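# Overview (structure and organization)
Single-letter residue listing:
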Amino acid sequence: MGAQKRLGKTDGIPAALTAFIGRREEVADVRGLLSASRLVTLTGVGGVGKTRLAFQVGVTAAQAFPDGVHVVELAGLHDPGLLVDIMAAALDLRNQRARLTLDLVVEHLRTKRTLLIVDNCEHLLPVCVEVVDSLLRALPELRVLATSRHVLGITGERTFLVSPLRVPLPEREPSAEELLTYSAVALFEQRAAAVLPGFKVTQDNAMTVGRLVRCLDGLPLALELAAARMRTLTVQDILEWTEQRFNLLTGGSRAALPRHQTLRALMDWSHELCSERERTLWARASVFAGGFDLEAAEAVCTSADLPRHEVLDVVHGLVEKSVLIRQEHGGRCRYRMLETVREYGQAHLAASGELAMLHRRHRDHRLDLAARAQDHWFGPDQVAWLTRLVSEHANLRAAMDFCLDTPGEVAAGMALATLPRHYWIAHGGLGEGRRWLSRLLAVGTQNSAARVEALGTYAYLGLMQGAVEESMPVITEYQQAAKQLQDATAFAWAQHHLGLAAAFRGEAERAAELFENAVAQHRAAGDLAGATECMFKLAITVCICGDTDRALSLCRECQTITSEHGETWIRADALFAECLVHWQLGDHDTAEALARQALHFLRPLSDRWGIALCVEVVAWHAAAVGDAERAACLLGILQSLWQAIGGPLSAAPFMTGSHQQCEQDVRAALAQAQFERALRRGAGFTLDEALACVLDKAPAAPASPWDEGPYRGIALTPREREVAELIAAGMSNKDIAASLTIAQRTAESHVGRVLAKLGLTSRSQLAAWIHQRRTPAP
Ligand SMILES: Nc1ncnc2c1ncn2[C@@H]1O[C@H](COP(=O)(O)OP(=O)(O)OP(=O)(O)O)[C@@H](O)[C@H]1O
Ligand SMILES: [Mg+2]
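This one's a predicted model, so the numbers in the text were calculated from it and none came from an experiment.

## Section: the overall build of the protein chain
- In terms of helices and strands, the protein chain carries 39 helices and 8 strands.
- Compactness check: the protein chain gives a C-alpha radius of gyration of 29 Å against a globular reference of 28 Å for 778 residues, within 12% of the reference.
- Each principal axis of the C-alpha distribution contributes one length, and for the protein chain these read about 95 × 60 × 55 Å.
- In the protein chain, which comprises 778 residues, the proportion classed as buried is 57%.
- Long-range pairs, those at least 24 residues apart, make up 71% of the contacts in the protein chain with a sequence separation of at least 6.
- Mean positive and mean negative side-chain charge positions of the protein chain (80 and 90 charges, respectively) differ by 3 Å.

Structure, rendered in C-alpha cells:
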C-alpha cells in the first residue's frame, strides 16, 4: 500500500457490465488529444457511445493520473446549483464543516493529477462551461474529458466527434471471420449471444448480419436494441423489418437515414414490439432519476392496466428488450435506462397526460422511503438504510425539484428535506441539505409542523457546518415557531442546537447545561434516540469541564441504550466520547482501543467527520508510544481527511492541543525527510486504504489491556484482539464479519478462539471484563 498502489486508481468509473468493443484508434486519439489539451469534449448523437468511450479512455489513461479518474454524472440533474456538490461527491470531498464552494474543490485538487470525466453536459451547458472553465484556469494539472451532444465552447477545448462503430462496406462479401473484425458486428454478436446463447456470426448468416449492422449505421444503441430482438426473431426478420422501415422513412431514396432518425426508428420499433404494459412501464418509469428498484416501480407505476403483481414480469420483459439495464447496488437489484431511452419514455409520458400524477406518486414514494429510513435509523438496519438512501439520492433530488416547482407541494418538500437529516449529516451532505431547506423555507413561509421541523434541521445542519452565528437567528425562529405549535420535541432540539452553538464557541459549561436540558426534555418526551444523540455531546462537554466520572457514566449509558437498539452511529460517538475521557485521564491505551472500536462502526457508515476524530486519537497514541513513523503516516491520513471534510480540527477545539503536541513530538523524533515521506504516504491513501492502515495495525505492546493483568501471556493474535474489541463493543458475529470484511463463519471461529483463550464462556463476560478493566481505579 503506498503511492505505487494509487497509480491507475479508477474506482470512480462505474464497472462495465459488458466488454468494451473495438475503438482502439479512437481511444488512442482521445488520449492523444488529452495529452495536448486540458479539455476534450466527446460529441455525437445520442447512443453513439460517448459515455462508454470516455470511461474506456479513463481506464486506459489511469496510469497518467496518480490521483485518480473521477466521473461526474450529470444525467438527470436539474438544479445547476448542485453541480459543485455533485462534483465534490465524485471526488469524495464530503464537506461536513465548511460551506462547499468551487474554491474548496480547487483547493482539494490543487496539487493533484486528476482526470475528471464530466458526463452528459448538454442539458446544463452554461453552468458546466462556467465551472469547468474556472477549474481549468485555477488548476494547471487538471484534465477534463466531457461528453456532450453539443460542444462546451471553452477556449482551448478540443472536440472529438464520436462516430458509430465500424461497419463492413456494401460491395464486399467478407468471410464470417473477417466480418467479426468490424466492431459493429462484434457488438451485435456479443449482444445477440446474451439473449440467444450460442449465437455466432457464421458463413451462413454473415451476409445478413453485415447488411443489418450497415443498415443500423453501426450505432451501438441501435445495435443493442436490434440484438435484443433475437430472442423471438431471426437476423433475417430483423433485417427485413429494418430495411422496410428505413425505406419508408427515406421515401425509397438511396440516401442514408440521418443517424438520430436511425436510432429513433429503432426505438419506435422496440416500442411497437413491446406489450401494452411494457410501453406503459417504459413511459412511467422514465420519471425516475438514477434508476429504481422493484419496490419503487410497484409503488409508483401501477394502475388498473398495470397491476402490481405483474410489474416484475413487465420489468423482466423490458430488461430483455434492452430498454432497462439491470444492476446490483448494495445487494439490491436496480434498473436504469440509458439517457436516450429515458428521454424517449419521457416524451411518451408527457403525451399520455399522466406526467403530473406520476411525479406526485414518485414524490410520495420518496416520502414514504424517507419516513421509513427515519423510523429505522435508530436500530440495527441503520447501515442498510443509509446505503439505500445513497442509491436513491438522484430520486430524492428529483422529488424535491418537483415540490419546489409545483404550487402547493412545499410542505411535502420540507418533509423530504428534513426526514433524511441523519443522512445529510452522516453522509456529508450538509451543504446540499441546507440548500434544499433554505429554498423550501423561502417559499413556504406559513407556520406548520413541517416548517418547524425544517427550521430545526436547517439550523442543525448549519451548526454542523460551522455556520454558528448564521444559525442563531434560525434557532430563534425555530423556538418561536415551536412555541406557537406547542411542539415539545422541537423545544428539546432547540436546547441541543443552542448547546452545540455554545460548544463550538468553546463555552463548555454553558453547553453542558443546555445539553443537560436537552437530554432531560427528550427523555420526558420518551424519545430515546434524541436523548442519546444529545447524551454523548453532554459527556464530552462535562469531560471538558473536568467531571470525568459523570462523563464516563453518560458514555456507558449511551452505549447501553444504543447497543440494546442495535444502533451504531451514536454508539460510535459514545465510544469516541469515552475515548476522550480516558485520554484526559492519561490512560492512552484504553483511549486508543476505544477509538479503534468506534472506527469499526463508522467505517460502514463512511462518516468522515467521526472517522477523522477517531484517527486523531490513534495518531496521538502512536506518537505517545514512540512509534513516530506510524504517527507521521497517520498525520498524513488526517491531513487529507480534514481537507476532504473541508475544515481543520478547529471545529473540535478541545482536541487541537493534543494534535499539536503529537505533531511536535513526531517532528522531533524523525528526520525532516523521513517525516515528510511518511506524511505524504498517509496523505496519498484512499479512505479504504487509510482505514486499513489505521485498523490493521495491532496496538504496540503493551498497548492493550489484554496484555496485562490476569491475562498476561495469553497469546491473542492481532486479529483476535480486534475481534475481542468488537465483541466488547456489542457487535454480533454478522456485524463483526461486515466490519472486518471476512466471512461470518470466519468471524464465528475467531470469536470461539478468543473466548477459549481468555477462559471465558460468553460474550457478555468478555464485555464486562473489558469494561471493568477500563474503569479507572478509585
Ligand atoms: N465500444 C463499445 N463497446 C461495447 N458497448 C458499447 C460501446 N460503445 C457503446 N456501447 C454501448 O452502447 C450503448 C450506448 O452507448 P453510450 O451510453 O455510451 O452512448 P452515449 O453516446 O453516451 O449516449 P447519450 O447521448 O444518450 O448519453 C450503451 O449500452 C453502451 O454500453
Ligand atoms: Mg452518455
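## As for the sheet that holds strand β2 (residues 69–73)
- If you walk across this open sheet you meet the 5 strands as β2-β3-β4-β1-β5, and the pairing is parallel. With one partner strand each, in any of the chains shown, β2 and β5 (157–161) form the two edges of the open sheet. Direction aside, the axes of adjacent strands within the sheet are offset by 20° on average.
- Running at roughly 170° to strand β3 (residues 115–119), helix α3 (residues 50–60) makes contact with β1 (39–43), β2, β3, β4 (143–147) and β5 of the sheet.

## Regarding the site of ligand 1
- The immediate surroundings of ligand 1 are formed by 20 residues, with G47, K50, T51, E224 and T340 found nearest.
- One of the backbone N or O atoms of V48 is found 3.3 Å from an oxygen atom in ligand 1.
- Interatomic distance of 2.9 Å between a side-chain N/O atom of E224 and an oxygen atom of ligand 1.
- Coverage of ligand 1 by the protein chains reaches 94% of its 630 Å² of free accessible surface.
- Contributions of two or more residues to the shell around ligand 1 are made by α3, α8 (183–195), α10 (220–227) and α16 (339–352).
- No other element matches the 3 residues that α3 contributes to the shell around ligand 1.

## So, the pairing of β4
- Taken across its 5 residues, β4 has 5 buried, putting it largely inside the fold.
- Burial along β4 is two-sided: R143, L145 and T147 and V144 and A146, pointing in opposite directions, are all buried.
- Sheet topology places β1 next to β4; 4 bridges connect them, and they run parallel. Paired with L39 across the strands is V144, a residue of β4.
- Two elements, β3 and β4, share 4 bridges in a ladder whose sense is parallel. Along β4, the bridge assignment pairs I117 with L145.
- Between β3 and its parallel partner β4, the chain crosses via helix α6 (residues 125–138), and the hand of that crossover is right-handed.

## Here's the deal with helix α33 (residues 653–669)
- With 17 residues, α33 extends 25 Å from end C-alpha to end C-alpha; this agrees with the ideal 24 Å at 1.5 Å per step.
- The complete set of buried residues in α33 reads M655, H659, C662 and V666. Buried residues of α33, seen end-on, are gathered within an arc of 60° and therefore sit on one face of the element. Away from its buried face, by an angle of more than 90 degrees, α33 presents the exposed residues Q660, Q664 and A668.
- Buried residues in α33 make contact with α29 (569–585), α31 (608–624), α32 (628–645) and α34 (672–683).

## Quick look at the packing of aromatic side chains
- Per the stated rule, a full pass over the model turns up 10 aromatic pairs.
- On the numbers, 5.1 Å between centres and 35° between planes, the contact of W282 with Y344 is tilted. Of this pair, W282 sits in helix α13 (residues 276–285) while Y344 sits in helix α16, and the two are 62 residues apart along the sequence.
- Residue class for Y344 comes out buried when judged on its relative accessible area of 5%.
- With a centroid separation of 5.9 Å and an interplanar angle of 40°, the aromatic rings of F292 and Y335 are classed as tilted. Here the residue F292 occupies a position in strand β6 (residues 292–293), and Y335 occupies one in strand β8 (residues 332–336), the gap between them amounting to 43 residues.
- Exposure remark for F292: the relative accessible area of 1% places this residue in the buried category.

## Some words on the environment of R360
- Relative to the helices and strands, R360 resides in helix α17 (residues 355–377).
- In this structure, the C-alpha to C-alpha distance between R360 and E409, residues 49 residues apart in sequence, is 9.2 Å.
- If sequence neighbours within four positions are ignored, R360 has contacts with F402, T406 and E409.

## Some remarks on the sheet that holds β8
- Read from one edge of the open sheet, 3 strands run β6-β8-β7, paired in antiparallel fashion. Single-partner strands in this sheet number two, and they are β6 and β7 (325–329).
- For β6 and β8, the ladder comprises 2 bridges, and the chain directions are antiparallel. Across the sheet, residue D293 finds its bridge partner in β8, namely R334.

## Some details on the pattern of salt bridges
- Evaluated as defined, the whole model comprises 39 salt bridges.
- Between R137 and D133 there is a salt bridge whose closest N-O contact spans 3.2 Å. Within this pair, R137 and its partner D133 are both found in helix α6, separated by 4 residues, close to a single helical turn.
- When its relative accessible area of 23% is taken as the criterion, D133 is described as partly exposed.
- The residue E392 makes a salt bridge to R334 at a minimum N-O spacing of 2.8 Å. Residue E392 is found in the loop between α18 (382–391) and α19 (393–405), and its partner R334 is found in strand β8; the two are separated by 58 residues along the sequence.
- A residue is classified by how much of its surface remains accessible, and R334, at 8% relative accessible area, is buried.

## Focus: the nonpolar core
- Within the largest apolar cluster, 180 residues are counted, with the highest numbers of intra-cluster contacts made by L135, V617, V666 and L766.
- No fewer than three residues from each of domain 1 (3–161) and domain 4 (601–774) sit in this core.
- Contacts of V617, omitting those with residues within four sequence positions, involve F576, C579, L580, W583, A591, E592, A595 and M655.
- Ranked by size, the runner-up nonpolar core spans 86 residues in total, among them I13, V195, W282 and Y344.

## Points about the side chain of E189
- Among the structural elements, E189 can be located in helix α8.
- Here E189 sits buried without a salt bridge, and the closest side chain of opposite charge, K200, lies 5.1 Å off (N-O distance).
- With near-sequence residues (within four places) excluded, E189 lies in contact with L180, F199, K200 and V201.

## Some details on the domain arrangement of the protein chain
- The assigned domain composition of the protein chain is domain 1 (3–161), domain 2 (176–272), domain 3 (274–353) and domain 4 (601–774).
- For domain 2 versus domain 3, the distance between C-alpha centres works out to 24 Å.
- When domain 2 packs against domain 3, close to 1200 Å² is buried across both sides, 62% of that on carbon and sulfur atoms.
- On the domain 2 side of the contact with domain 3, L221, M267 and H271 bury the most area, a combined 45% of that side's loss.
- Taken together, the links from domain 2 to domain 3 amount to 1 salt bridge.
- The tally of links from domain 2 across to domain 3 stands at 7 residue pairs in polar contact (both at pLDDT 80 or more).
- For the side of domain 2 that touches domain 3, the elements supplying multiple residues, two or more each, are α10 and α12 (259–273).
- By residue number, the principal contributor to the side of domain 2 that touches domain 3 is α12, which donates 7 residues.
- A class-by-class count of the residues in the side of domain 2 that touches domain 3 yields 6 nonpolar, 2 polar and 6 charged.

Calculation criteria
Residues numbered from 1 in each chain as written. Chains lettered and ligands numbered in written order. Predicted model: local features only at pLDDT ≥ 70, side-chain atom pairs only at ≥ 80, totals over all residues. Heavy atoms only, no water. Helix = DSSP H or I, 4+ residues; strand = E, 2+ residues; numbered from the N terminus. Rg over C-alpha atoms; globule rule 2.2 N^0.38 Å. Buried < 20%, exposed > 50% of the residue type's maximum accessible area, 1.4 Å probe, protein only. Contact = heavy atoms within 4.5 Å. Lys, Arg positive; Asp, Glu negative; His and termini not counted. Charge placed at Lys NZ, Arg CZ, Asp CG, Glu CD. Pairing = 2+ DSSP bridges. Axes fitted to C-alpha atoms, helices over the stretch in contact; angles between N-to-C directions. Near = heavy atom within 4 Å. Polar contact = N/O pair within 3.5 Å; in protein donor to acceptor, adjacent residues only side chain to side chain. Areas by Shrake-Rupley, 256 points an atom, 1.4 Å probe, with all protein chains shown as cover. Right-handed = clockwise from strand over helix to strand, strands pointing away. Expected span 1.5 Å × (residues − 1). Arc of directions from axis to C-beta. Phe/Tyr/Trp six-rings, centres within 6.5 Å; stacked < 30°, edge-to-face > 60°. Salt bridge = Lys/Arg side-chain N within 4 Å of Asp/Glu carboxyl O. Core = buried A, V, L, I, M, F, W, Y, C linked by side-chain atoms within 4.5 Å. Domains from an automatic or database assignment. Buried area = accessible area lost by both parts, 1.4 Å probe. Nonpolar A, V, L, I, M, F, W, Y, C, P; charged D, E, K, R; others polar.

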